[in-house]
Amino acid sequence: MPESPSDLRARLRAEIAAIEQGAAPAVDNAESSHPYEGPARFREAPDDPRVRDVFGTASGNLSGGPRARKKAPRFDAEDASDTPEDARLADPEAAFRKIERLCLVREQACEQLRQRLARDGFEPEAVEAALSRALACGLVDDARFADVLVRSRLAQGRGRRGIAAELEGLGIDADSVDALAAGDGDDAGEVERALALLERKPPRAKNRRDAAYRRLAQKGFSASVSSTAARVWCEANPVEG
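Residues numbered from 1 in each chain as written. Predicted model: local features only at pLDDT ≥ 70, side-chain atom pairs only at ≥ 80, totals over all residues. Heavy atoms only, no water.

K.L.:
Run through the overall build of the protein chain, naming residues and quoting values.
P.N.:
On a plain count of helices and strands, the protein chain comes out with 12 helices and 0 strands. Of the regular secondary structure in the protein chain, the N- to C-terminal order runs α-α-α-α-α-α-α-α-α-α-α-α. Counting the 241 residues in the protein chain, one finds 43% classified as buried. In the protein chain, once contacts between residues fewer than 6 apart in sequence are set aside, the share between residues at least 24 apart is 64%. (Helix = DSSP H or I, 4+ residues; strand = E, 2+ residues; numbered from the N terminus. Buried < 20%, exposed > 50% of the residue type's maximum accessible area, 1.4 Å probe, protein only. Contact = heavy atoms within 4.5 Å.)

K.L.:
Account for helix H6 (residues 124-136), naming residues and giving values.
P.N.:
For H6, built from 13 residues, the straight-helix expectation of 18 Å at 1.5 Å per residue is met to within 8% by its first-to-last C-alpha distance of 18 Å. Buried residues of H6: Ala126, Val127, Ala130, Leu131 and Ala134, and no others. The buried residues of H6 occupy an angular sector of 125° when the element is viewed end-on, so they sit on one face. Opposite the buried face of H6, at more than 90 degrees from it, the exposed residues are Pro124, Glu125 and Ala136. (Expected span 1.5 Å × (residues − 1). Arc of directions from axis to C-beta.)

This is the structure we're talking about:
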């Protein structure tokens, strides 16, 4: 039987406490689903919908798609206390618990969390203290986040240049991400992926080559890859008439 949210949260906190006390946390099996235990829950094939949905659709939306746009309640049951709101927003522990709940849902980048906590009104000092703690215990790991993000974006048919720009926007050095660097300079592979995208969603505009180029550029492919793939695709799919 799957763990309830409260049981999952309790086990997560126990393991965080063990890490912070210098003890190895007890893990039931190597495929634990806790987000801070590494990318075990993302070991499915890159084209698995569960991997793609972690970060939203191919639009680059990091909010997690339509379902994630539903606003989560500001407090959960354990937050319902007599603590004044001003005191709570200045409390690193409260900020850490917020991070914990967000990371139970999906992988999070450090900068994403910083912006989210700021929007929720947490004081900057509380935010930085909570983030430092989350990074120290492995609850947040930008390298792990970037690896999963790159694999999911590539599975969606996104271009490497666009993925790199998305990482940079989150304060992550794209050159340091192995999953992205592995195909760096492989224009042939990029063209193949661009052609696959055009096959899945062929442009319908009258000027098909320009439409194909624009679509690929919007998906993050470089100008040279977009141009080559648009030409090859149009030559392989002549207009009948």
